[in-house]
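# A closer look at the structure
Read off the chains here:
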Amino acid sequence: MAGTDDRPAFIADAMLGRLARALRMLGLDTQYRPDIDDNELKMTALREGRVILTRDREVADTSLPVTVLLVESDHVEEQLLQTARAFRIAPGGRLFSRCLICNVEVEDVEKCEVRERVPEYVYETQERFSRCPSCGRIYWAGTHVERAREWLERVLGTRGRER
């Protein structure tokens with residue numbers, strides 16, 4: 001399976017956008033393109049060595065040599081737990097290392113580079129910033145990151161740490 005540091009890379013079907021976002025929070029390469037059809041989803045997984053995450057039994061029933069996880073629940077917490085158990089995923093040193101929108105690894109940027117791009121309060125109270133090299137989105141470890149970390153810990157039952 002493709003993926004960085006021996007962790008799997010995923011492709012999630014149109015029904016699993018929230019799961020894709022949660023996996024990206026964990027730093028996992030998770031492609032999510034709700035506009036592609038089932039055949040393109042399967043071919044992308046085959047070409048790129050990705051695990052297919054799907055709620056669709058027809059997608060899961062494939063003769064292609066790809067790994068598929070048929071996600072059982074409608075609830076993102078249960079979806080994440082099922083995926084984590086199936087692939088032995090736990091929070092680690094890569095938390096919040098990917099853009100939640102683009103799936104690209106974010107890069108650290110100097111504080112002075114984001115002055116005009118973040119609210120003044122954020123600029124004054126934060127020291128570390130990251131930027132997505134694809135979409136330009138700026139990230140910082142505000143209270144939303146702590147809430148996300150607590151949510152991951154609660155769902156996965158582990159203690160994670162930021163990259």
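Up top is the structure these notes are about.
Residues numbered from 1 in each chain as written. Predicted model: local features only at pLDDT ≥ 70, side-chain atom pairs only at ≥ 80, totals over all residues. Heavy atoms only, no water.

Helix and strand content of the chain: six helices and seven strands. For the chain, the spread of C-alpha atoms along the three principal axes comes to 55 × 30 × 25 Å. For the chain, the residues scored as buried account for 46% of the 163 residues in total. In the chain, the share of contacts with a sequence separation of at least 24, taken over all contacts with a separation of at least 6, comes to 50%. Only carbon and sulfur atoms are counted for the fraction: they give 45% of the accessible area of the chain, which is about 9200 Å². (Helix = DSSP H or I, 4+ residues; strand = E, 2+ residues; numbered from the N terminus. Buried < 20%, exposed > 50% of the residue type's maximum accessible area, 1.4 Å probe, protein only. Contact = heavy atoms within 4.5 Å. Areas by Shrake-Rupley, 256 points an atom, 1.4 Å probe, with all protein chains shown as cover.)

Take the layout of surface pockets next. If you add up the space inside the largest pocket, you get close to 460 Å³. Surrounding the largest pocket, 23 residues form its lining, Phe96, Tyr139, Trp140, His144 and Val145 being those nearest its centre. Of all the elements in the fold, those that place two or more residues in the lining of the largest pocket are α1 (17–25), β6 (129–131), β7 (138–139) and α6 (143–156). Classifying every residue of the lining of the largest pocket gives eleven nonpolar, three polar and nine charged. (1 Å grid on protein atoms, 1.4 Å probe; cavity = no way out; pocket = protein on both sides within 12 Å on 5 of 7 lines; lining within 4 Å. Points joined across faces, edges and corners; volume = space filled by probe spheres on them. Nonpolar A, V, L, I, M, F, W, Y, C, P; charged D, E, K, R; others polar.)

Right, let's get into the packing of aromatic side chains. Going through the model one piece at a time under the given rule, you end up with two aromatic pairs. Consider the rings of Phe10 and Phe87, whose centres lie 5.4 Å apart with planes at 75°: the pair is edge-to-face. Within this pair, whereas Phe10 is found in strand β1 (residues 10–12), its partner Phe87 is found in helix α4 (residues 76–87), the two being separated by 77 residues in sequence. Exposure class is identical for Phe10 and Phe87. Each is buried. The positively charged end of Lys111 is found above the aromatic ring belonging to Tyr123, 4.9 Å away from the centroid. (Phe/Tyr/Trp six-rings, centres within 6.5 Å; stacked < 30°, edge-to-face > 60°. Lys NZ or Arg CZ within 6 Å of the ring centre and 35° of its normal.)

Let us look at the pairing of strand β3 (residues 51–54). By the alternation rule, side chains of β3 split into Val51 and Leu53 and Ile52 and Thr54, which are all buried. Of the strand pairs in this sheet, β1 and β3 are connected by three bridges, and their pairing is parallel. Across the sheet, the residue bridging to Ile11 is Ile52, located in β3. One ladder, built from three bridges, connects β3 with strand β4 (residues 68–70); its direction is parallel. Bridge pairing in β4 links Leu53 to Leu69. (Pairing = 2+ DSSP bridges.)

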